[in-house]
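One-letter residues, chain by chain:
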Amino acid sequence: GALFHGGETATGKWHYGLGLSLPTGSIKQTGTVLTPMNMTATGKRLPYPMQLGSGSYDLKPSVTYNGDWGSWRIGGQANAVVRLNDNNGDYRLGDKAELHGWAMKRFTDWLSGSVRIDVSHQGKIDGEDTNISLPVQTAQTNFSGGTFANLSLGVNLIGQSGALANHRLAIEWVSPVHQDVHGVQMEREDTLMIGWQKAF
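What comes next is a walk through the structure. Counting restarts for each chain: residues are numbered from 1 in the order of the written sequence. In keeping with the predicted nature of the model, local features appear solely for residues at pLDDT of at least 70, side-chain atom pairs appear and are counted solely at 80 or more, and the whole-chain, interface and lining totals rest on all residues. Only hydrogens and water are set aside; all other atoms, that is, all heavy atoms of the structure, feed into the side-chain values.

## Some thoughts on the side chain of asparagine 150
Worth spelling out the cut-off: Helical segments are the DSSP runs of H or I of at least four residues, strand segments are the runs of E of at least two, and each set is numbered from the N terminus. The rule is simple: take the accessible area with a 1.4 Å probe, protein chains only, and divide by the maximum for that residue type; under 20% is buried, over 50% is exposed, in between is partly exposed. In this description, contact between two residues means that some pair of their heavy atoms is separated by no more than 4.5 Å.
Residue placement: asparagine 150 occurs in strand β11 (residues 146-158). Asparagine 150 gets classed as buried once you look at its relative accessible area, which sits at 15%. When neighbours within four sequence positions are excluded, asparagine 150 is seen to be in contact with Arg116, Ile117, Asp118, Val174, Ser175, Pro176 and Val177.

## Comments concerning the sheet that holds strand β12 (residues 167-181)
So the rule is basically this: Two strands make a pair as long as DSSP finds a minimum of two bridges between them. Comment: axis = line fitted to C-alpha atoms, over the contacting stretch for helices; angle = value between 0 and 180 degrees taken between N-to-C directions.
With antiparallel pairing, the nine strands of this open sheet are ordered in space as β1-β2-β5-β6-β8-β9-β11-β12-β13. Either end of the sheet is taken by a strand with one partner, and the two such strands are β1 (2-8) and β13 (191-198). Sheet twist, expressed as the average angle between the axes of neighbouring strands with direction ignored, equals 15°. Sheet analysis places strand β6 (residues 72-83) next to strand β8 (residues 96-106), joined by ten bridges and oriented antiparallel. What sits directly across from isoleucine 74, in β8, is alanine 103.

## Section: the environment of leucine 111
Relative to the helices and strands, leucine 111 resides in strand β9 (residues 111-122). Linking leucine 111 and asparagine 156, residues 45 residues apart in sequence, is a C-alpha distance of 5.8 Å.

Structure below.
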């Protein structure tokens, strides 16, 4: 992938991205599964979401803006994943488009807060791998993709001195605010993410 300078405004700047994802992840993962008769079967090819890659060449364009709005640091990004070919399993995952917007405010030297919203849409799987035949929703190509939106709130704690210097604790709560799926799919629920970073 590569990033390209796009331009500047009075309060921020743009850049563009272009990437190519190569089909290195396996699409032939198998496992032991439980059948509807309460028996186990080994060597079954796992459903589409459990495969490690797309199996296709995927183009990944993006455009990103970062800037200042008063005491806030703001930004936004639009990106996409465009599948360029069917894979060796005779299918291709749905194309995907995403929009992200975020804002961050620094309250003190050691505390900042953030708010983020992201919206995504992914198409259905096109084609079918005849080796994926399990009686579950994730093995049905019509039960894939949809439109989703999440609202996230975050807090960053930054160590200033002593043993805490150069340490950062980030906490973010992500709540699904819209889900419109194709077919029958599992519901997405709230997520809490906690991360620790140490700068050297």
